[in-house]
Every structure is written in C-alpha cells, then in structure tokens.
Amino acid sequence: MLRTTDRTREPAPALPVLPAGTDPLLQLQYETRPADSPGAIRCVGHSRELALGGIPVMCSACRARRDWLLINHSRNVWIRCRCGNQWLEPEISRADFDALIGGSHGTTYPSAEAGLAALGFDGVFVGIYLE
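Since we're looking at a predicted model, the values are computed, not measured.

Caption draft 1: Structural view of the sheet that holds strand S6 (residues 86-88). On the basis of which strands lie adjacent, the open sheet formed by 4 strands has the order S1-S4-S5-S6 and antiparallel pairing. With one partner strand each, in any of the chains shown, strand S1 (41-49) and S6 form the two edges of the open sheet. The sheet shows a mean angle of 25° between the axes of neighbouring strands, direction not considered. In the sheet, S1 pairs with strand S4 (residues 66-73) via 7 bridges, with the strands oriented antiparallel. Paired with valine 44 across the strands is leucine 70, a residue of S4. Across the face of the sheet, helix H2 (residues 94-101) comes into contact with S1, S4 and strand S5 (76-80) while running at roughly 75° to S1.

Caption draft 2: Fine view of the pairing of S5. Here S4 runs beside S5; their pairing, made up of 5 bridges, is antiparallel. If you follow isoleucine 71 over to S5, its bridge partner there is tryptophan 78. Following S4, the chain reverses through 2 residues before pairing antiparallel with S5; serine 74 in that reversal takes a positive phi of roughly 60°. In the sheet, S5 pairs with S6 via 3 bridges, with the strands oriented antiparallel. Across the sheet, the residue bridging to arginine 80 is glutamine 86, located in S6. Linkage of S5 to S6, two consecutive antiparallel strands, is achieved through a turn of 5 residues, within which glycine 84 is found at a positive phi near 100°.

Caption draft 3: Highlighting H2. By the burial criterion, the buried members of H2 are Arg94, Phe97, Asp98 and Ile101. Projected down its long axis, H2 carries its buried residues within an arc of 100°, all on one side. Positive backbone phi, approximately 55°, marks glycine 102, located one or two places after H2.

Caption draft 4: Looking closely at unusual backbone geometry. With a phi close to 70°, arginine 63 is a non-glycine residue in the positive phi region. Checked against the element boundaries, arginine 63 lands in the loop between strand S3 (55-56) and S4. The exposure class assigned to arginine 63 is exposed, which follows from its relative accessible area of 53%.

Caption draft 5: Region of the structure containing the packing of aromatic side chains. Inspection of the entire model under this criterion finds 1 aromatic pair. Taking 5.7 Å as the distance between ring centres and 80° as the angle between the ring planes, the aromatic pair formed by tryptophan 68 and tryptophan 87 counts as edge-to-face. On the criterion of sequence distance, the pair formed by tryptophan 68 in strand S4 and tryptophan 87 in strand S6 is long-range, its members being 19 residues apart. Here tryptophan 68 and tryptophan 87 have matching classes, each one buried. Positioned above the aromatic ring of phenylalanine 121, the side-chain terminus of arginine 82 is 4.0 Å from the ring centre.

Reading the values: rules and limits
- Residues numbered from 1 in each chain as written.
- Predicted model: local features only at pLDDT ≥ 70, side-chain atom pairs only at ≥ 80, totals over all residues.
- Heavy atoms only, no water.
- Pairing = 2+ DSSP bridges.
- Helix = DSSP H or I, 4+ residues; strand = E, 2+ residues; numbered from the N terminus.
- Axes fitted to C-alpha atoms, helices over the stretch in contact; angles between N-to-C directions.
- Contact = heavy atoms within 4.5 Å.
- Buried < 20%, exposed > 50% of the residue type's maximum accessible area, 1.4 Å probe, protein only.
- Arc of directions from axis to C-beta.
- Phe/Tyr/Trp six-rings, centres within 6.5 Å; stacked < 30°, edge-to-face > 60°.
- Lys NZ or Arg CZ within 6 Å of the ring centre and 35° of its normal.

Have a look at this one:
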C-alpha cells in the first residue's frame, strides 16, 4: 500500500570552516563536502620546491624537484609533474590545499584534460621548468 505524506525538507546547515586540530568527525565532514559542486576538481600551481615532512618532493619519472600542479578532488590531493606523472599525496589534506588556493578565483575548463593541457601539465613540457 502506498502512503503519501507532506514532509518539508529543510536544507542541511552549512558547516563552518574548521581550524586544524578540531573534532575528527567534523573535520571529516568538512573534507568530504564538495568544494563548489559535485565532482568539482580544483587545481593550483606550485612553482617552487615542495617539502613534505622535511623531505623534498621529487618526480619518480623525470626527477623534477619543482613546478608542480596540485589537484584536489573531494578529500584527496594529487601532485602532477609537467611530464604527466601524477600521484596521490596523503600528506596534503584538503585544508592544506584550501590554504594554498586562497580564494575563489580561477579559470573554469570544460574538462580536466582541457585544464591540464591549458596549464601545460599534459606531458608536452616534459623536462622544462617554466618561470
């Protein structure tokens, strides 16, 4: 038997931006919340050397030590080299990425591949540092 009810749905309250070291459950909710829209992928360039835990990041394919693209999707952050090599970096959290991006400005691309090509991280500039 089908039942119909008139229930009004209230929108979920927006979660506040949390500083590091707060309740782990609230931090997890913040990190899994979509940034702009479902499936949003955000990128930020990092032209200098990057050290995680005091150890410099180096590309395993071409041995580059700087000029990275940091890619955020959901709570994961990947590092991509100009040679096209990309890896998941668990040492960088979404909160770290948000601190690097510093605002809601940027360019929107029709696809992730189009963005990588426009930014020069599709493998065309392998072995080249752009300044």
